[in-house]
Every structure is written in structure tokens, then in C-alpha cells.
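# Summary of the model geometry
Listed below are the residues making up each chain.
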Amino acid sequence: MKKVLRLITIMMVIALVVPVSALAEESNSEEENNLLNLAPDAKSAILLEQDTGEILFDKNAHEKLPPASMTKIMTLLLIMEALNEGNLQKDEMIRVSERAASMGGSQIFLEAGEEMSVDDLLKGVAIASGNDASVALAERIAGSEEAFVKKMNERAKELKLENTNFQNTTGLPADDHYSTSYDMAIIANELLKYESITDYTSIYEDYLRKGQDNEFWLVNTNKLVRFYPDVDGLKTGYTGEAKYCLTATAKRDDMRVIAVVMGAESPKERNAMVSGLLDYAFNQFETNKLFDKDEKITDVRLLKSKQKNVDIVTKQSISTLHKKGDAEKNIRTEVELQEAWNLPIKRGDEVGKLYVKDGEQVLYEIPLTVEEDIEKTTYFSLWKRTVQEMVKSH
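Going by an unreviewed UniProt entry, the chain carries the name serine-type D-Ala-D-Ala carboxypeptidase and comes from Oceanobacillus polygoni. According to the UniProt record, the Pathway (unreviewed entry) comment for the chain is "Cell wall biogenesis; peptidoglycan biosynthesis." Regarding the chain, the UniProt comment filed under Function (unreviewed entry) reads as follows: "Removes C-terminal D-alanyl residues from sugar-peptide cell wall precursors."

### Things to note about unusual backbone geometry
At the junction of Leu343 and Pro344, the peptide bond is cis and its omega measures out at 5° in the coordinates. Among the secondary structure elements, Pro344 is positioned in the loop between strand 15 (328-338) and strand 16 (350-358). Look at Asn60: it is not a glycine, yet its phi comes out positive at around 50°. Locating Asn60 in the fold gives a position in the loop between strand 3 (55-59) and helix 3 (72-84).

### With respect to the side chain of Glu190
When you line up the elements, Glu190 lands in helix 8 (residues 181-191). Residues contacting Glu190, with those up to four places away along its chain left out, are Leu77, Arg155 and Leu159.

### Some points on the packing of aromatic side chains
Scanning the entire structure with this criterion turns up three aromatic pairs. Positioned above the aromatic ring of Tyr207 is the side chain of Lys210, whose terminal nitrogen or guanidinium carbon lies 3.9 Å from the ring centre. In this arrangement the basic side chain of Lys293 is found over the ring face of Tyr194, its NZ or CZ atom lying 6.0 Å from the centre.

### Regarding the nonpolar core
Formed by 62 residues in total, the largest nonpolar core has its most connected members in Ile108, Leu121, Leu137, Ile187, Leu191 and Val260. Tallying contributions element by element places helix 3 first for this core, with nine residues. Beyond its immediate chain neighbours, meaning those up to four positions away, Ile108 contacts Met116, Leu121, Gly124, Ala128, Gly130, Asp132, Ala133, Leu208, Arg209, Phe216 and Leu218. If you look at the next biggest cluster of nonpolar residues, it comprises 51 residues, including Phe57, Ala264, Phe285 and Val351.

### Section: the pattern of salt bridges
Under the definition given, this model contains 19 salt bridges. The partner of Glu114 in a salt bridge is Arg209, and the shortest N-O contact between them spans 2.7 Å. Placement of the pair is Glu114 in the loop between helix 4 (98-101) and strand 5 (115-117) and Arg209 in the loop between strand 6 (205-208) and strand 7 (216-219), with a sequence separation of 95 residues. The residues Glu114 and Arg209 share a single accessibility class, namely buried. A salt bridge links Glu360 to Arg332; the shortest N-O distance between them is 2.8 Å. Taken together, the residues Glu360 in the loop between strand 16 and strand 17 (361-370) and Arg332 in strand 15 connect sequence positions 28 residues apart. The exposure class assigned to Arg332 is buried, which follows from its relative accessible area of 13%. Shared partners join several salt bridges into a network, and the residues in it are Glu81, Arg155, Glu158, Glu190 and Lys193.

### Quick word on the packing of helix 3 against helix 5 (residues 118-126)
Relative orientation of the contacting elements helix 3 and helix 5 amounts to 160°, with a least axis distance of 11 Å. Comparing the axis directions of helix 3 and helix 5 gives the class roughly antiparallel. Crossing handedness for the pair helix 3 and helix 5: left-handed. Contacts between helix 3 and helix 5 involve Lys72, Leu76, Ile79, Met80 and Leu83 from the first element and Val118, Leu122 and Val125 from the second. When grouped by side-chain class, the residues that make up the contact of helix 3 with helix 5 number seven nonpolar, no polar and one charged.

### A closer look at the UniProt feature "active site" (unreviewed entry) in the chain
Taking the numbering used here, the UniProt-annotated feature "active site" (unreviewed entry) corresponds to Ser69, Lys72 and Ser129. In terms of the greatest pairwise C-alpha distance, the residues named above, spread along 61 residues, form a tight cluster of at most 7.7 Å across. In this fold, Ser69 is placed in the loop between strand 3 and helix 3. Here Ser69 falls in the buried class, since its relative accessible area comes to 11%. If we ignore the near neighbours within four places in the chain, the residues touching Ser69 are Ser129, Asn131, Thr170, Gly171, Lys235, Thr236, Gly237 and Tyr238. In this structure the side chain of Ser69 is engaged in a polar contact, spanning 2.8 Å, whose partner is the side chain of Lys72. Counting through the fold element by element, Lys72 comes out in helix 3. What makes Lys72 buried here is its relative accessible area of 0%. Not counting chain neighbours up to four residues away, the residues in contact with Lys72 comprise Val125, Ser129, Gly130, Asn131, Ser134, Thr169, Thr170 and Lys235.

### Quick notes on the sheet that holds strand 10 (residues 255-264)
Overall, antiparallel pairing links the five strands, which are arranged 3-2-10-9-8 in an open sheet. For this open sheet the edge positions go to strand 3 and strand 8 (231-239), each flanked by a neighbour on one side alone. Strand-to-strand, the axes of this sheet are offset by a mean angle of 5°, without reference to chain direction. Here eight bridges tie strand 8 to strand 9 (residues 243-252), and the two strands are oriented antiparallel to one another.

Analysis parameters
- Residues numbered from 1 in each chain as written.
- Predicted model: local features only at pLDDT ≥ 70, side-chain atom pairs only at ≥ 80, totals over all residues.
- Heavy atoms only, no water.
- UniProt positions renumbered as here; feature names shortened; annotations may be inferred.
- Helix = DSSP H or I, 4+ residues; strand = E, 2+ residues; numbered from the N terminus.
- Contact = heavy atoms within 4.5 Å.
- Phe/Tyr/Trp six-rings, centres within 6.5 Å; stacked < 30°, edge-to-face > 60°.
- Lys NZ or Arg CZ within 6 Å of the ring centre and 35° of its normal.
- Core = buried A, V, L, I, M, F, W, Y, C linked by side-chain atoms within 4.5 Å.
- Buried < 20%, exposed > 50% of the residue type's maximum accessible area, 1.4 Å probe, protein only.
- Salt bridge = Lys/Arg side-chain N within 4 Å of Asp/Glu carboxyl O.
- Axes fitted to C-alpha atoms, helices over the stretch in contact; angles between N-to-C directions.
- Parallel < 35°, antiparallel > 145°, perpendicular 65-115°, else oblique.
- Left-handed = near helix turned anticlockwise from the far one by under 90°.
- Nonpolar A, V, L, I, M, F, W, Y, C, P; charged D, E, K, R; others polar.
- Polar contact = N/O pair within 3.5 Å; in protein donor to acceptor, adjacent residues only side chain to side chain.
- Pairing = 2+ DSSP bridges.

Set out below in C-alpha cells:
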């Protein structure tokens, strides 16, 4: 059994309630009735707090339904990951294929052979839900849309999503193409870890090919970006089968929430239900920030690495969630790091966990990583360091 190194325990007193799942058991019938009215006309809905992953409300959250253009949340996730890994550059020019230019539905009217920057294509996907822009980026990243779709489904499995299967990058109607409001919320949560995505999804209007004969006016399909305070994303969807869908996100103070509605009969109903979910979240709950994303939690001394002292950081921001007005509780955080360090280690690789506890009850588990790539030192450097350590000890 792997021996675990327990490094730190931080005690703090902050405003916290018992987890939301426990709160639900204590809710009175009046509150239960109010919750049922949050998304009355949706086939499926969910409300999620980002940092904790707590579900504040759900309705048929695991029912398989066509996600329409909300599919592009996964498309955007793979694009942002490619940018983060350096496999794609925002100023890179992409030549549009015949296939990408032939996409129907929502589009930015790309022409075969046209060249457009990754940055503008990303705007086309995030703001105008361009099917043509989605396929153009998918072909650049994976070689073909089919290969990109394979990556989409592999990523869904990595996120442990059991009720999602993609057949295309766009959400255009296809057999065996489905997801759930829960799965959409999880994918959105992963996408929002790339904080710059809201630089695109929060734009209400912009232009492509500015000043040219084929100038194109982009208008965000998510009208809540303009009409609901603090909404800065994320993705709408509509087909005749899927009806009106929306995954929206808003951040107020330190709390970001994600609301998903699927199967509404009209955009007005869809937006009203999402607004109601956001109202409920911000009126009833608040968070206390413990650590920011990439904040140093502790460090470890590694004799065989180039860096003797390695900073251990969080892979995401860490907060606790509580209902407004609830009593304070004692919170402690505990770090567990792996004992065996097999070098090299890449930034982003998990090397331990941070546990947020109420007494002995674990509220949340958050992965920890290293601040930078950790390379194995040379034999000579290791010998020199060992000698230095021996000298110090004497």
C-alpha cells in the first residue's frame, strides 16, 4: 500500500454550511416546492458551483438528450487545451477546407481556400456558434473532423462522463449524438479553468474581416451576456429535436456558477429559466476563497531533481460553499503528497491532493501539481549535491 506523506494541516474558521447534499435533506417542503419551480418547462436542468463542484439544483440531470450546439463546449475545450500545450497559436493562419466551408446551420460564411487566424476562428465559434469555424479548427488540430470527434469522446471518458457521445464537432443532428445537463456542466467547468475563454464568450458583438467587402458582424447567440449582470458565457444550442438549450455561467464576487437548461420550447423560456437558476444561486449561496488557482500550498525537497525545492500548487481555485446566514464552522485543510517521485514530472501532473475537511469529514478533494516541469538532475550534479549535503551534516 502506497505510503502517503502528510505535510500540512491548516486550521481556519470560516463561514461554512454542511455540504449542499446534506442541506437538501433538511429542506422544508416550501423550499422543495420552490426548487421544483426553478426550471419548470425544461426537460433537464442543473445548477453547479465551480470551485466546489457542488450541485445546487438538478432536474433529470442525467437524462440523455441531444445537446445541439452546446456540443461546441467540448470543441472549445480541446481548442483551449491545444493552445495551452503550444500545439496551436492564436496568430496562426488556417486555410479553410471545402468541407469546413460547406457546413450548414450557424456559420460565419467561410469560403473554401480562405485563410483566417485561429483567434478569429475562435471568435466565430464562441460568439456566433459557427459550424464552419468549428470544423476548420478541428481539422487543424486533429487532421480531420472524425479524428477530432474521437478526441472529444476520449476527453469525455477522462472526465468520467458516462452519458455523452459525440458524432460531430458542431451539434448538428446525428444519430447517437447525445449528452446530459450534468455532463455539459462538467465539460463547461473544465473549459472555464482556461480563464481566457470568457474573453471570447463574453463578447456581445464584434466583426470579422473588418473593413473588407466580406466583413461579417458577429452577434452573440447568448443574449444573457448582455442582459443578465455578470454572465460572461457560455454556449447556446438549438435544433428541432433538441429544442432550445443553454449552458450559461456567471461570476459574482468570488463565486462562479454554471447553469444548464435543455429542451425549452422557446429562447424566452430558456433564458428565463437560466436567469432563475442564477438568481437562486446568488441569492441563496456564497463562497469563501481558500486558495487561488496556481497558488503555492507547500514545497518539497527533491534530491534527484534539477530544482532542489519544488513548489506544490493547486490545479484550480479552492473555496468552500455555504448558504447565506448559516453558522460558522471549523475548517481545516490537509495535504497528502506521493512519496515516490518518478522524474521527469510535467507541470500539470498530479502529485498529491489537498483535502478540505470539517472535522474528519472530507468536504472536497483537490488535485495538486508542481509549479513547473521537474527534470532529473545529471549524475555529476547529484554527486556534487550529495557531497554538499554530507559536508553540511558534519
